[in-house]
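# Notes for the structure review
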Amino acid sequence: MNNKVQDLFEARFQRMPDVICHAPGRVNIIGDHTDYNDGFVLPAAINFGTDIAARKREDNEVKVVAYDINEELVIFSLNNNEFDAQHSWSNYVRGVLKMLLVEFPKINGAELMVTGNVPQGAGLSSSASFEIAIIKVFSELYELPIDGVKAALIGQAAENNFVGCSCGIMDQLISAMGKENHAMLLDCRSLTFKDAPLPTGMAVLIVNSNVKRGLVDSEYNLRHEQCESVAKHFKRKALRDVSFTELEEQKIALDSTLYHRARHVITENNRTQEALKCLLNSDVARLSILMAESHQSLKDDFEVTTPEMDFLADILNEKLGSEGGARMTGGGFGGCVVAIVPEQRADELIKDVTKAYQDEYKLSASFYSCTLTSGAFRKQF
Ligand code: GLA
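Let me begin by describing the structure that accompanies this report.

Calculation criteria
- Residues numbered from 1 in each chain as written.
- Predicted model: local features only at pLDDT ≥ 70, side-chain atom pairs only at ≥ 80, totals over all residues.
- Heavy atoms only, no water.
- Near = heavy atom within 4 Å.
- Polar contact = N/O pair within 3.5 Å; in protein donor to acceptor, adjacent residues only side chain to side chain.
- Areas by Shrake-Rupley, 256 points an atom, 1.4 Å probe, with all protein chains shown as cover.
- Nonpolar A, V, L, I, M, F, W, Y, C, P; charged D, E, K, R; others polar.
- Phe/Tyr/Trp six-rings, centres within 6.5 Å; stacked < 30°, edge-to-face > 60°.
- Helix = DSSP H or I, 4+ residues; strand = E, 2+ residues; numbered from the N terminus.
- Buried < 20%, exposed > 50% of the residue type's maximum accessible area, 1.4 Å probe, protein only.
- Lys NZ or Arg CZ within 6 Å of the ring centre and 35° of its normal.
- Expected span 1.5 Å × (residues − 1).

A separate point is the site of the ligand. The environment of the ligand is made up of Arg26, Asp32, His33, Asp35, Tyr36, Cys167, Gly168, Met170, Asp171, Tyr220, Gly330 and Gly331. His33 has a polar backbone atom sitting 2.7 Å from an oxygen atom of the ligand. Asp35 has a polar side-chain atom sitting 2.5 Å from an oxygen atom of the ligand. A total of 310 Å² of accessible area belongs to the ligand in isolation, and the protein chains cover 91% of it. For the shell around the ligand, the per-class residue count stands at four nonpolar, four polar and four charged.

Put into structure tokens, the structure is as follows:
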């Protein structure tokens, strides 16, 4: 079977690749800003992702082409691998390789052709899918013993220690370990998970507001620090270990912003665990309430939504009633809303939301009807 990324690789490097790997983006159904608090998330891998064709090298050089970024070529050596402010995309490759090299000092370089279709900056984890695809490629090229959890930890370390975003583990873990037709409840402390099938007749519809806000990383890192400082106040390892009653008892003692940040995380953890039960029992009416509450909490307590995302979530929730649910998904500060909708209502919703969003903001939303896919894999070619 021939492949776009294979053709691109051959055209650029004038030979066949050794391997082709794919890693998916993700949508999070519920449980945002809980992962770095050792909490619970409920993501699914989606049919949008990153493809990489690669060939081993005998030396330490890495030559990587980002096809979608004007076919930019970046060349560096594994022993001289520093942050690259000019080609910021390359830091995902550089960061991953820096972390890989710590554990596997014997790997050599590679030629890599990268192309993907996860919308960037939309909250669908284009960067985690890139990181996990790179890790998969190197583990296949050099036969490294890296399972899904380990791949996720390496990807997260690259992001935390090299790229400079203090993200949690959710995106990398689901990109590495997703399961076809399922979402998964992940416990971000034990790194164990439970399968969550979609109720029969329901589909995942993602709506991109096509609005991105600046300062996403610094705002994100600030939220992380705020959560940590509340955990510290309670002398606990993470907000996962603080109950709602304990938080309420300390309401007066806490700074008001910090109280609200913590309230989001604690209530979101409860909603996320309950959402698994709803999916298992096909209780769409209750799931609908949990998703709407989650959005509200991310808006009012955690303050990571935008007016455009609020508008999209509200209109979807209003139209769906108890037949489905909608909320922002991912880190926030712009990007996408996820909706669980009856399959046969998707077209009608797309039509109505397109018009309403256009009328309100003079903007066009993008819609992705998603299938839930497996995590990263090597492609046959
Ligand atoms: C980003 C981060 C994740 C997670 C989400 C919010 O996607 O990469 O680790 O914190 O935001 O849930």
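All right, on to the packing of aromatic side chains then. Summed over the entire model, instances satisfying the criterion amount to nine aromatic pairs. Seen in terms of ring centroids, Phe9 and Phe13 are 4.7 Å apart; in terms of plane orientation they differ by 40 degrees. Their pairing is tilted. Taken as a pair, Phe9 and Phe13 lie in helix α1 (residues 4-13) at a separation of four residues, close to a single helical turn. A residue is classified by how much of its surface remains accessible, and Phe9, at 0% relative accessible area, is buried. Looking at Phe13, the relative accessible area reads 14%, which means it is buried. Seen from their ring centres, Phe138 and Tyr142 are 6.1 Å apart, and the 25 degrees between their planes marks the pair as stacked. The pair formed by Phe138 and Tyr142 is uniform in burial state, with each residue classed as buried. Put simply, the rings of Phe311, Tyr357 and Tyr361 pair up and form one aromatic cluster. Across the ring face of Phe302, the terminal group of Arg261 is positioned such that the distance to the ring centre comes to 6.0 Å.

Turning next to helix α8 (residues 256-280). Across its 25 residues, α8 extends 37 Å between first and last C-alpha, which sits within 8% of the 36 Å expected from 1.5 Å per residue. With a side-chain oxygen positioned 3.1 Å from the backbone nitrogen of Thr257, the residue opening α8 is Asp255. Phi turns positive, to about 50 degrees, at Ser282, one or two residues after α8.

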